[in-house]
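# Examining the three-dimensional arrangement
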Amino acid sequence: MAYGQTGTGKTYTLGQLGDEDVSARGIMVRSMEDILANICLETDSVSVSYLQLYMETIQDLLDPANDSIPIVEDQKTGDVSLPGATVVEIRDQQSFLELLRVGEAHRYAANTKLNTESSRSHAILLVQIKRSVPGREADFSAETDHSSHLATNYKPPMLRKGKLVLVDLAGSERVNKSGSEGHMLEEAKSINLSLSALGKCINALAENSAHVPVRDSKLTRLLKDSFGGTSRTSLVITIGPSPRHRAETASTILFGQRAMKVENMLKIKEEFDYKSLSKRLEVQVDKLIAENERQQKAFEAEVERIRLEAQKHVMEAERNYAEALKEEKMKCQVEYMDSIKKLEEKWSLNQQKPTNNARTDGSSITEEVSELKILLQNEMQTRKAAEEEINKLKEQLHMLTKPGSAGRNSDILNLQSMLEEEIRQKKRLEEELIVLRSQFSQLNMEAGQRASYLDRSRSGAGLPGLDSLSPLRNLHCKDATNGERSSITNLHEQVGLHKILSLLESVDASVRINAVKVVANLAAEEANQEKIVEAGGLNSLLMLLSNSEDETIRRIAAGAIANLAMSESNQELIMTQGGIALLAVTAADAEDPQTLRMVAGAIANLCGNDKLQTRLRSEGGIRALLGMVRCRHPDVLSQVARGIANFAKCESRASAQGQKAGRSSLIEDGALTWIVQNSNNEASMIRRHVELALCHLAQHEVNARDMITGGALWELIRISRDCSRDDIRSLARRTLTSSRTFQSEMRRLRIEL
């Protein structure tokens, strides 16, 4: 940094380009030449920003249109940065000189009595350097070469970062000597104020004062980490030989003496290069994905080949079996016809013999009978042999598909297990079809009894609308032939809602499961919800939730209640009939994530009703909602976050209308800790609901102190800056600016929105 009276050579010392005379080059050109000579452009990077501080406004000399650049200070490290400034990558000395020429052309200068080209702004050159620490890359490469290492064993390479700040301060001047008037007078005042603030900071640091007034000027804020920080600071003071300026010369020298007393704690700044690690891991993941896809395709091709080969063997065995069976059948038929023909011939011969030879004929008949018995025995043995041959062929066919047989490889066993799983699924579907058939046959029987009764009572007059049940007789015939089910809507219209609800009390568990599935699907449509409630469906669902021990029934019943709870009128009925207590008990007992998701969804719908807030909390709804976070399943947490957001929104409205006083019930029940922990959750649905809940809680002033203690203020500040949704971001900002407690705490922490 160059400090001194105007016209004493600060700009000449720092910013001289030395185009004609190389020896006249300034510190800026010499420092960049030294940096470029000592780095490797392949692995190291050098970037430059060139700015000016004019009238307490930071302007970009490389982009004059960018004339209002903010100063950002890291709360943890204390580093000062200018995120809006233009950053240019430097590869050679010539490109750097071109940047300096562009910057100097845009810098403010004026003609005064003390200097013909007096700088009217502070020029600031920022040089950023990044270098990989030697030795760390080799370790990383060695780790990536071993496929047995998991991703958690990867260590990111280490980066060493350096920042060079070169400051050409505008010269201090006395107005009566410089002759500044009008706008130049205002410029001189601004320059002297910033230099005065810099002097105060140097005095405070030299005297080890507890308070350093770095916020009095943007110049001191920008140089906060240079004086008294972790950097090495060099100060060039410039003075003039004229005795007329003896007071300014003495003041400049005293400033330099005070600055020499400031002690800096030098520190090497290193950090992990997570971006480089991320890119390398992405490349590794892409390779693994491609390899996995290749292996998957090869596996699928091998499975398909084995399936086709097995199918070919089965078809060949069936063909051989059919041919052998046909040949054996033809052989048996020929032998049978020959035997019949022989018997007919012998019978005709016996009929032609005279009666006087009756005894002889009797003996011959006896012989014929014995021969016939022998033929019959031979025929039976032949049939038995044929049956044995058929059984052998069946056993051979069974051995081709028998799981676990010797010589079968693992792929065939996997294929066989898949086939068995399909058979089991088919069997379950057939059992469900049998159950539904029994239900429909019962309904048909009742319809037939009613029809016969009406026929007897009305002498043949039929009941109108009774024939509408006739499609049920063909409903499962279509299932058997086409393998398709009729829609839930058609089933509802054909069978009747009361009949479906009556099946919820069936003794057969499978019947109850199918019936509650139908009711849940019907409840998903808003047009059916009122009908279900009027028919007593809500009562039946609550009874199932209370009495059933089947996890599937409880899950589907909770889902149906969640669908019904979308209507405001149904919400009051659910509360009146003790639904929230049943849902709380179910939430405490259930372990299945899907059941908890349904229960959390139902409670979340109830949380959005302003009239039910007090009762919902008193009956354990909020505690049940918070208790379900133990599951840690994203779907469950999303519903929990939605319920908390709905409850906080209702509380916010009640507070604004003067209907509620005191702290939020969510804070009293200990929900704030979970809300703060999940306000930056990776899942967008959870994060969005939690951010809304935080904003609504912060709108009530009485909650502010608890939220500050619980760490919610920092999350609100983050939401007001980084939230992807404009409405939530503006709500957080509006809430922070309207709260006196938050504003006081932010002033204490020196946080600006």
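What counts, and where the lines are drawn
- Residues numbered from 1 in each chain as written.
- Predicted model: local features only at pLDDT ≥ 70, side-chain atom pairs only at ≥ 80, totals over all residues.
- Heavy atoms only, no water.
- Helix = DSSP H or I, 4+ residues; strand = E, 2+ residues; numbered from the N terminus.
- Buried < 20%, exposed > 50% of the residue type's maximum accessible area, 1.4 Å probe, protein only.
- Contact = heavy atoms within 4.5 Å.
- Areas by Shrake-Rupley, 256 points an atom, 1.4 Å probe, with all protein chains shown as cover.
- Core = buried A, V, L, I, M, F, W, Y, C linked by side-chain atoms within 4.5 Å.
- 1 Å grid on protein atoms, 1.4 Å probe; cavity = no way out; pocket = protein on both sides within 12 Å on 5 of 7 lines; lining within 4 Å.
- Points joined across faces, edges and corners; volume = space filled by probe spheres on them.
- Nonpolar A, V, L, I, M, F, W, Y, C, P; charged D, E, K, R; others polar.
- Pairing = 2+ DSSP bridges.
- Domains from an automatic or database assignment.
- Arc of directions from axis to C-beta.
- Phe/Tyr/Trp six-rings, centres within 6.5 Å; stacked < 30°, edge-to-face > 60°.
- pLDDT = per-residue confidence, 0-100.
- Patch = residues over 30% accessible without salt bridge, like charges linked within 9 Å, V, L, I, M, F, W, Y side chains within 5 Å.
- Salt bridge = Lys/Arg side-chain N within 4 Å of Asp/Glu carboxyl O.
- Axes fitted to C-alpha atoms, helices over the stretch in contact; angles between N-to-C directions.
- Parallel < 35°, antiparallel > 145°, perpendicular 65-115°, else oblique.
- Left-handed = near helix turned anticlockwise from the far one by under 90°.
- Expected span 1.5 Å × (residues − 1).

Scanning the protein chain from terminus to terminus reveals 31 helices and 12 strands. For the protein chain, the proportion of its 753 residues judged to be buried stands at 38%. In the protein chain, the share of contacts with a sequence separation of at least 24, taken over all contacts with a separation of at least 6, comes to 68%. Accessible area of the protein chain: about 43700 Å², with a carbon and sulfur share of 52%.

The next thing to look at is the nonpolar core. The biggest cluster of nonpolar side chains holds 88 residues, and the ones touching the most others in it are I603, M628, V640, I644, W674, M707 and F742. I603 has contacts with I580, L583, G621, A624, L625 and M628, leaving out every residue within four places of it along the chain. In terms of nonpolar packing, the next biggest core, distinct from the first, is built from 27 residues, Y3, A85, F255 and V262 among them.

Taken as a whole, this structure holds three cavities of 30 Å³ or more when the rule is applied. The calculated volume of the largest cavity comes to roughly 50 Å³. Together, A648, E651, S652, S655, K660, S664, H696, L697, H700 and N703 line the largest cavity. For the lining of the largest cavity, the elements supplying multiple residues, two or more each, are helix 24 (634-656) and helix 27 (684-698). Class assignment of the residues belonging to the lining of the largest cavity gives a composition of two nonpolar, six polar and two charged.

With the exception of glycine, the majority of residues adopt a negative phi angle, and the majority of peptide bonds are in the trans configuration. Although it is not a glycine, N208 adopts a positive phi angle of roughly 55°. Turning to its location among the elements, N208 is positioned in the loop between helix 6 (183-206) and helix 7 (218-222). In this structure N208 comes out as exposed when scored by relative accessible area, which is 69%. Of note, the phi angle at R632 is positive, near 65°, even though the residue is not glycine.

It is worth spelling out the pairing of strand 3 (residues 57-60) at this point. Note that strand 2 (residues 45-54) and strand 3 share four bridges and pair antiparallel. Its bridge partner lying in strand 3, L53 is registered against I58. What sits between strand 2 and strand 3 in their antiparallel hairpin is a turn of two residues, with M55 showing a positive phi close to 55°.

Turning next to the layout of surface pockets. In this structure, the second largest pocket spans a volume of roughly 860 Å³. Lining the second largest pocket are 25 residues, and of these E73, Q75, R721, R750 and I751 lie nearest its centre. If one sorts the elements of the lining of the second largest pocket by residue count, helix 29 (residues 712-722) sits on top with five residues. Of the domains in this structure, domain 1 (2-134 + 154-272) and domain 3 (593-598 + 609-752) are the two that each give at least three residues to the lining of the second largest pocket.

Okay, the side chain of H696 next. Structurally, the position occupied by H696 is in helix 27. Leave out the neighbours within four places in its chain, and H696 touches A645, A648, K649, S652 and L731.

Next up on the list: helix 2 (residues 27-37). Among the residues making up helix 2, those that are buried are M28, V29, S31, M32, I35 and L36. Buried residues in helix 2, looked at end-on, bunch into an arc of 165°, giving them a common side. Among the exposed residues of helix 2, those pointing more than 90 degrees away from its buried face are D34 and A37. The secondary structure elements touched by the buried residues of helix 2 are helix 1 (10-15), strand 2, helix 3 (93-106), strand 9 (122-132) and strand 10 (158-168).

Per the counting criterion, the structure on display carries one aromatic pair. On the numbers, 3.9 Å between centres and 20° between planes, the contact of Y3 with F255 is stacked. Residue Y3 is found in strand 1 (residues 2-4), and its partner F255 is found in helix 8 (residues 246-260); the two are separated by 252 residues along the sequence. By the burial criterion, Y3 is buried, and F255 matches it.

Let us now look at the confidence of the model for the protein chain. Chain-level pLDDT for the protein chain is 77 on average; 76% of the residues reach the 70-or-more range. Across the protein chain, strand 11 (residues 236-238) holds the top mean pLDDT of 93, while helix 12 (residues 471-482) sits lowest at 36. Across residues 403-408 the pLDDT falls below 50, and counting only partners more than four positions away or on other chains, this stretch makes six contacts in the model. The low-confidence segment residues 450-490 (pLDDT under 50) makes 38 contacts with residues lying over four places distant or belonging to another chain.

Let us look at the side chain of T741. Tracing the backbone shows T741 in helix 31 (residues 740-749). Accessibility expressed as a relative area gives 19% for T741, which makes it buried. In this view, T741 contacts E701, A704, R705 and I708; residues no more than four positions away in its chain are not counted.

We now examine a nonpolar patch on the surface. Side chains of I237, I239 and I253 sit close together on the surface and give an oily, nonpolar patch of about 210 Å² of accessible area. Relative to the helices and strands, I237 is located in strand 11. Look at I237 and you get partly exposed, because its relative accessible area is 32%.

This paragraph deals with the pattern of salt bridges. For the structure on display, the rule yields 23 salt bridges. One salt bridge in this structure joins K224 and E73, with 2.2 Å as the shortest N-O distance. Taken together, the positions of K224 in the loop between helix 7 and strand 11 and E73 in strand 4 (residues 72-73) put the pair 151 residues apart, joining distant regions of the chain. The shortest N-O distance in the salt bridge between R718 and E691 comes to 3.6 Å. With a gap of 27 residues between them, R718 in helix 29 and E691 in helix 27 connect regions that are remote in the sequence. Accessibility assignment for this pair places R718 and E691 in one class, buried.

As a packed pair, helix 21 (residues 593-607) and helix 24 sit with axes 8 Å apart at the nearest point and diverge in direction by 10°. With respect to each other, helix 21 and helix 24 are oriented roughly parallel. Where helix 21 approaches helix 24, its residues P593, L596, R597, A600, G601, A604, N605 and C607 are matched on the opposing element by D635, V636, Q639, V640, R642, G643, N646, F647 and C650. Taken together, the residues of the contact of helix 21 with helix 24 break down into nine nonpolar, five polar and three charged.

With respect to the secondary-structure elements, V640 resides in helix 24. Owing to a relative accessible area of 0%, V640 belongs among the buried residues under this scheme. Spatially, the C-alpha atoms of V640 and L626 are 7.1 Å apart, while their sequence positions differ by 14 residues. Beyond its immediate sequence surroundings of up to four residues, V640 is in contact with A600, L625, M628, V629 and W674.

Where helix 29 contacts helix 30 (residues 726-738), the axes come no closer than 7 Å and their chain directions differ by 130°. Taken together, the axis directions place helix 29 and helix 30 in an arrangement best described as oblique. Of the two elements, helix 29 crosses helix 30, and the hand of that crossing is left-handed. Note on element contacts: helix 30 touches helix 29 through I728, R729, A732, R733 and L736, opposite L713, L716, I717, I719, S720 and R721.

Between the first and last C-alpha of helix 21 there are 20 Å, a value that for 15 residues agrees with the 21 Å anticipated at 1.5 Å per step. Burial runs high along helix 21: 11 of the 15 residues are buried. For helix 21, every residue scored as buried is listed here: T595, L596, V599, A600, G601, A602, I603, A604, N605, L606 and C607. Packed against the buried residues of helix 21 are helix 18 (551-564), helix 19 (568-576), helix 20 (579-589), helix 22 (613-618), helix 23 (621-627) and helix 24.

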